[in-house]
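What the coordinates show
Each chain is listed here by its residues.
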Amino acid sequence: MSVDMGKLAQNISILHRQYYKDTKQDFNQYGLNPTAVCMLLMIQEYPGSNQQFLVDKLVIDKSHATREINKLTTLGYITRTSGVGHSSELNLTAKGEQLIPTIQKIRSDWWTDQFAKTATKPEDPLALTIQTVVTEIVGPA
């Protein structure tokens, strides 16, 4: 089976937007949006990382990262400490650490629900799985 890579990319975008739409309310309870959640999870995985690392790994604009880091700091989820040169090291606070299992569960539950709706499994071939889940979300082409 030949896969139209443009269509696959579009389907991944659809999944991304639907995930953001569906989880927005859950994350709002904690003053977060899905991008901030991704940043928290990345900081948890890579303690001491800096803004540029997050920008590169999450493929987001530097200004967007700055706004999210400021928000996460204000909310008490992360700290910034002096790093190498002008950069700051980012680490989770105790409050941020406590939130990690909750946000991981929100993310995991969303995917579990999508797989259940489509009778697919995470171990199924990626392209077919993405296509099946997207079709469930937006309907047949």
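Details of the structure are given in the entry above.
Residues numbered from 1 in each chain as written. Predicted model: local features only at pLDDT ≥ 70, side-chain atom pairs only at ≥ 80, totals over all residues. Heavy atoms only, no water.

1. Some remarks on the environment of Tyr19
Going by this rule: In DSSP terms, a helix is any run of H or I states spanning at least four residues, a strand is any run of E spanning at least two, and both are numbered starting from the N terminus.
By the element assignment, Tyr19 lies in helix 1 (residues 5-28). Along the primary structure Tyr19 and Leu99 are separated by 80 residues, whereas in three dimensions their C-alpha atoms are 19 Å apart.

2. What to know about the pairing of strand 2 (residues 88-92)
The side chains of a regular strand alternate, residue by residue, between the two faces of the sheet. Formally: Two strands qualify as a pair provided that DSSP identifies no fewer than 2 bridges between them.
The pairing of strand 1 (residues 78-82) with strand 2 spans 5 bridges and is classified as antiparallel. Paired with Ile78 across the two strands is Leu92, which belongs to strand 2. Connecting strand 1 to the antiparallel partner strand 2 that follows it, the hairpin turn spans 5 residues, and Gly85 within it adopts a positive phi of roughly 65 degrees.

3. Regarding the nonpolar core
Our working rule: Throughout, nonpolar core names a set of buried Ala, Val, Leu, Ile, Met, Phe, Trp, Tyr and Cys residues whose side chains join them through atoms within 4.5 Å. We call a residue buried when its accessible area falls under 20% of the maximum for its residue type, exposed when it is over 50%, and partly exposed in between, using a 1.4 Å probe and counting protein chains only. The contact rule is simple, with two residues in contact once any of their heavy atoms fall within 4.5 Å.
One finds Leu32, Leu40, Leu72, Ile78 and Ile103 to be the most contacted residues of the largest nonpolar core, which totals 32 residues. Contributions of two or more residues to this core are made by helix 1, helix 2 (34-45), helix 3 (51-58), helix 4 (62-74), strand 2, helix 5 (94-118) and helix 6 (126-138). Among the elements that line this core, the one with the most residues is helix 2, at 7 residues. In this structure, Leu72 is in contact with Leu32, Ala36, Met39, Leu40, Tyr77 and Ile78, ignoring residues within four places of it in sequence.

4. Digging into the side chain of Thr129
Tracing the sequence through the fold places Thr129 in helix 6. Overall, Thr129 belongs to the buried group, its relative accessible area being 5%. Not counting chain neighbours up to four residues away, the residues in contact with Thr129 comprise Phe115, Thr120, Lys121 and Asp124.

5. Remarks on the packing of helix 2 against helix 5
Stated formally: Helix axes use the C-alpha atoms of the stretch in contact, all axes being lines fitted to C-alpha atoms, and the angles between their N-to-C directions lie in the range 0 to 180 degrees. Convention used here: angles under 35 degrees read as roughly parallel, angles over 145 as roughly antiparallel, angles from 65 to 115 as roughly perpendicular, and any remaining angle as oblique. For any helix crossing, the convention is left-handed if the near helix is rotated counterclockwise from the far helix by under a right angle, and right-handed if that rotation is clockwise. Each residue gets one of three labels, nonpolar for Ala, Val, Leu, Ile, Met, Phe, Trp, Tyr, Cys and Pro, charged for Asp, Glu, Lys and Arg, and polar for the others, Gly among them.
Relative to each other, helix 2 and helix 5 sit at 120 degrees, their axes nearing to 10 Å. In this view, helix 2 runs oblique relative to helix 5, as classed from their interaxial angle. Crossing hand, helix 2 versus helix 5: left-handed. Residues Val37, Leu40, Leu41 and Gln44 of helix 2 lie in contact with helix 5, whose contacting residues are Glu97, Leu99, Ile100, Ile103, Gln104 and Arg107. Split by residue class, the contact of helix 2 with helix 5 holds 6 nonpolar, 2 polar and 2 charged.

6. Side note on the packing of helix 2 against helix 4
Running from N to C, helix 2 and helix 4 cross one another at 75 degrees; their axes reach a closest spacing of 10 Å. As summarised for this structure, helix 2 and helix 4 are arranged roughly perpendicular, according to the angle between their axes. Two secondary-structure elements touch here, helix 2 through Thr35, Ala36, Met39 and Leu40 and helix 4 through His64, Ala65, Glu68, Ile69, Lys71 and Leu72. Looking at side-chain class alone, the contact of helix 2 with helix 4 contains 6 nonpolar, 2 polar and 2 charged residues.

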